[in-house]
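# Tertiary structure, described
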Amino acid sequence: MDLEQLLAGLSKQLQQSWVVYITSSETLQHLAEVTGIDDASESNTVQDDPLMQLRLRHKASQSGSRSHIKRIRLSLNKLIGSDEGREVVKEAKIVAKNEILETKAVELLKQEVDEMNAGFAESIMAPDLSPNDNTQSTTGDSRASVLPEFVCTNRKLIHRVLVTDPADFDKLSWDGVDHRLPEISPDQFMSTFVPEKNSEDINHADLPKRIAMNMKLAFFKGIAQDMSTENYVPVHSLLKELHDKMRTLLPNRQELHSHINDDDIGHSSCTSDVIRVLLRSGYLLANYLEAPSRAESTRELLSCLEVFNSRSRDSDNAPAIPYGIGTEHLLAVASVAFVLQKAELCQIDVSNYRLAQLALYIHGEVGNEYERSHFKKTHGDYSAVPINELQQMLPSSHAWVKSTLGLFETTDNISAQSSLDQKMEFIKGRGFVDGILFTKSELALPELFSLDIEDINYIRNEARCSVIASALSLHACNIIGSSILKTDNEVVGNELTSVLKKKHFKRDDLESEIITALTSFTTALADRSLSEEECSTLKNHALAVLRGNDPVLKLLDNRIRTYFRYACRWTPDNKSSGGISAPIEMKTGRKLVKGDDEFARGGVASSKTEFSLAASKEAKRLGFAFVSSDLIEAGNKARLIISLVCSNYDRDILGRLLMAEL
């Protein structure tokens, strides 16, 4: 490698480190402003510092990136002199600042802080649903009091359960992230520690992922650098953290605790010792704690480390370091990081399993009672006030209902004499779909949907992408004389929708990627190369769709509303009980809910299969066959949200507000 290539690589690393350092510093300053705490060391409890984990993460990233910048600066001084090295560092900092401004990276991180802080504030304000609570359900039985305290204090979690179909309870998680992603292999994980591969991947990743990855890399590379100077304290801390997590996973298995010896950590003074301690802990994790599907990748790494460690002891020549990693110190640290991540994932799996069991109990009247109780404590007792006080108590909901009547059409057939069910049908269709999901006027989100903002944004985004993707695919089919209903090009089609859902900071980038993906899709659909004229026509149609000037787009824009009105008004067939989810009776361990053993042995009906069949037919009828699977999920989520609101507040709030305006 010549000097020019070496300097280019160092400059690229400097830019990445500056991005991490600047964004972490800005985030830490914002954390101090939000929480009023300047340093995490001033607080020992979550109550004092609700964002302690986030603070520690950014402090570690700030420290690691600062050290990395200093190390590169020293290398530059030796290569090109201190003056020129200083200029390279300054130039990299300027490039990093411009990139941060262009991609709004700091704003995104500050938004994360604000959302987490708001979530913590809501959790500590959750109502106390103890047996002595004066708030009772309509049946007089406060069944929500049997829920564990750690669940009752998490209002967002309970709401998330209520707007999830029982068939999807396995997707629930405490943090709202779907952890059922494909298992990451050791090769994939270790590739992030290889500079060449890392640089290629970074160019295609969005900035938040890049920042998160650089934060971790700076932290772990700093530990590897310490090992190279015979400072093993940081890696000892990592191993101790791994042991602590494993003890938490098996608190009552003392015979296994004997295999987790912290003394071995303190005695490790070389790479082989560190790997030897990791091998013992890793095999314990894979053989006794992880699910078989997850343990496979853990064993793959451990087998590789075993071979490497045996060769390093038995051979005079230094063995090749696996995965293309530069040093054996970095290999050891990266391996500990991988097993530590697998232990964390195992903890998440156990927690989410417990949540799936509790969800079966929360779903229904227990959760509905909790929601009504919390809503009363937040906004007041809405059930026993005059209509004018109700309108003042819920101004946004009142404005929404009032504006909904402006969307009235003769086909709605709604009047003061209409039944409560007819009024709720009107609210579900015109009110929720036209008045909230696809409203073009500025309207504050009604108080009734205060916990649904993320799901509403998800539904809107899916609808937008579905309309654009359908319009593009229809044009593609017309150009080559094919039918979208006959295609099996799911992989290429998924590429088209994934480009639409991807974040783009520049319009030109979006248009360019869409045209490329659409051309690939059309070529696969036609099973031949496209002519120059076809490519030109395809490009013109794509630009017209993306810029909102296409008549097909406007037609589908109207049809997507029809689809969501159908989805939100859909009800399961009374003759069908729906699919029954798995019972929540525990075979081992302590019970998670108190009492109601009879209920625990039962199940909760799911209507998702029945809905999916009906929604798929409607989507295809309206011209959305290409994206029907995405629309089924979005339509089901919309149905669950508005059905929950109507179930909880139909008579006491919605019916009264609507009646006052008719």
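Residues numbered from 1 in each chain as written. Predicted model: local features only at pLDDT ≥ 70, side-chain atom pairs only at ≥ 80, totals over all residues. Heavy atoms only, no water.

## Description of the overall build of the protein chain
Our working rule: Each helix is a run of H or I in the DSSP string that is no shorter than four residues. Each strand is a run of E no shorter than two, and both are numbered from the N terminus. Relative accessibility thresholds used throughout: buried, under 20% of the residue-type maximum; exposed, over 50%; partly exposed, between the two (1.4 Å probe, protein chains only). Between two residues, a contact is recorded if the distance between any of their heavy atoms is within 4.5 Å. Using a 1.4 Å probe, the Shrake-Rupley method yields the accessible areas, and only the shown protein chains count as cover for residues.
What the protein chain contains, in helices and strands, is 27 helices and two strands. Within the protein chain, buried positions represent 47% of all 662 residues. Partitioning the intrachain contacts of the protein chain with sequence separation of at least 6 by distance along the chain shows that 75% fall at a separation of at least 24. As presented, the protein chain carries roughly 33200 Å² of accessible surface, and 50% of it is formed by carbon and sulfur atoms.

## So, helix α23 (residues 532-546)
What counts here: Any helix carries an expected span of 1.5 Å times its number of residues minus one.
When the terminal C-alpha atoms of α23 are compared, their 21 Å separation across 15 residues agrees well with the 21 Å that a helix rising 1.5 Å per residue should span. Buried residues of α23: E534, L538, A542, L543, A544 and V545, and no others. Lining the buried residues of α23 we find α20 (453-480), α22 (507-526) and α24 (551-569).

## Observations regarding the nonpolar core
Generally speaking, soluble globular proteins have nonpolar side chains that are buried together. How we decide: What makes a nonpolar core is a set of buried Ala, Val, Leu, Ile, Met, Phe, Trp, Tyr and Cys residues whose side-chain atoms join them at distances within 4.5 Å.
Counting residues in hydrophobic clusters, the biggest one holds 89 residues, and the most contacted among them are F449 and F564. Top contributing element to this core by residue count: helix α27 (residues 628-661), with 14 residues. For F564, the residues in contact, after removing those within four places along its chain, are V433, L437, F438, I459, A463, L631, A634, G635 and A638. The next biggest cluster of nonpolar side chains, apart from the first, holds 46 residues, and it includes L242, F308, L331 and A343.

## Details of empty space enclosed by the protein
Note the cut-off: The way it works is a 1 Å grid over only the protein atoms, where trapped points that fit a 1.4 Å probe form a cavity and open points with protein on both sides within 12 Å along at least five of seven lines form a pocket, and then any residue with an atom within 4 Å of a point lines it. Grid points are joined across faces, edges and corners, and a volume is the space filled by probe spheres set on the points. As a working rule, the residues Ala, Val, Leu, Ile, Met, Phe, Trp, Tyr, Cys and Pro are called nonpolar, Asp, Glu, Lys and Arg charged, and the rest polar, with Gly in that last group.
Following the criterion strictly, the structure yields one cavity of 30 Å³ or more and no others. Here the largest cavity is characterised by a volume of approximately 100 Å³. Along its surface, the largest cavity is lined by 14 residues, and R155, H159, E371, L448 and Y649 are the ones closest to its centre. Looking at which element gives the most residues to the lining of the largest cavity, the answer is α27, with four residues. Here the residues of the lining of the largest cavity are counted per class, giving seven nonpolar, three polar and four charged.

## Structural notes on the pattern of salt bridges
To keep it simple, the criterion reads: Within this document, salt bridges are pairs made up of a side-chain nitrogen of Lys or Arg and a carboxyl oxygen of Asp or Glu, the two lying within 4 Å of each other.
If you walk through the whole model with that rule in mind, you get 24 salt bridges. Ionic pairing is found between E102 and K506, a salt bridge with its closest N-O pair at 3.3 Å. Here K506 lies in the loop between α21 (490-501) and α22 and E102 lies in helix α3 (residues 82-103), a separation of 404 residues in the sequence. Judged by its relative accessible area of 44%, K506 falls in the partly exposed class. Taking the shortest distance from any N to any O, the salt bridge between K245 and E344 comes out at 3.9 Å. A residue pair is termed long-range when its members are at least 10 positions apart, and K245 in helix α10 (residues 233-249) and E344 in helix α15 (residues 328-362) qualify at 99 residues. Note on K245: relative accessible area 16%, which makes it buried. Salt bridges here are not isolated pairs; linked through shared partners, they connect D168, K171, K608 and E633.

## Some remarks on the packing of aromatic side chains
Just so we agree on the cut-off: Under the pairing criterion, centres of Phe, Tyr and Trp rings, with the six-membered ring standing for Trp, must be within 6.5 Å; the plane angle then separates stacked pairs below 30 degrees from edge-to-face pairs above 60, leaving the rest tilted.
Applying the stated criterion to the full structure yields 14 aromatic pairs. With centroids separated by 5.8 Å and ring planes inclined at 80 degrees, the aromatic side chains of Y382 and Y649 adopt a geometry described as edge-to-face. Of this pair, Y382 sits in the loop between α16 (365-379) and α17 (387-393) while Y649 sits in helix α27, placing them 267 residues apart in sequence. For Y382, a relative accessible area of 1% corresponds to the buried category. Site record: aromatic cluster; members linked through ring pairs are F189, F193, F219, F220 and F338.

## Here's the deal with the confidence of the model for the protein chain
We count it as follows: Confidence of the predictor at the level of single residues is captured by pLDDT, which takes values from 0 to 100.
Summing up the model confidence of the protein chain, the mean pLDDT is 78 and the portion of residues at 70 or higher is 77%. Across residues 580-602, confidence stays below pLDDT 50; counting only partners more than four residues off in sequence or on other chains, it has 38 contacts.

## Describing the side chain of E462
Looking at the element boundaries, E462 is found in helix α20. Beyond its immediate stretch of four places on either side in the chain, E462 contacts K501, D630 and A634.

## Let's talk about unusual backbone geometry
The backbone of Y323 shows a phi angle near 65 degrees, a positive value even though the residue is not glycine. By secondary structure assignment, the location of Y323 is in the loop between α14 (292-314) and α15. Despite not being glycine, D527 shows a phi value in the positive range, around 60 degrees.

## Some remarks on the packing of α22 against α23
Here is the rule we go by: For helices, the axis comes from a line fit to the C-alpha atoms of the stretch in contact; other axes are also lines fit to C-alpha atoms, and the angle between any two N-to-C directions lies between 0 and 180 degrees. Here the word oblique covers every angle except those under 35 degrees (roughly parallel), over 145 (roughly antiparallel) and from 65 to 115 (roughly perpendicular). In a left-handed crossing the near helix is turned counterclockwise from the far helix by less than a right angle, and in a right-handed crossing that turn is clockwise.
At a closest axis distance of 10 Å, the pairing of α22 and α23 adopts a crossing angle of 130 degrees. Taken together, the axes of α22 and α23 are oblique relative to one another. Both α22 and α23 take part in a crossing whose hand is right-handed. Here α22 contributes E511, I514, I515, L518, T519 and T522 to the contact with α23, which in turn contributes L538, K539, A542, L543 and L546. The residue makeup of the contact of α22 with α23, split by class, is seven nonpolar, two polar and two charged.

## A look at the packing of helix α18 (residues 395-404) against α27
At a minimum axis separation of 9 Å, α18 and α27 run at an interaxial angle of 50 degrees. Here α18 is positioned oblique relative to α27, judged by the angle of their axes. Where α18 crosses over α27, the two elements pack in a sense that is right-handed. Residues S397, H398, W400, V401 and K402 of α18 pack against L654, L657, L658 and E661 of α27. Broken down by class, the residue content of the contact of α18 with α27 amounts to five nonpolar, two polar and two charged.

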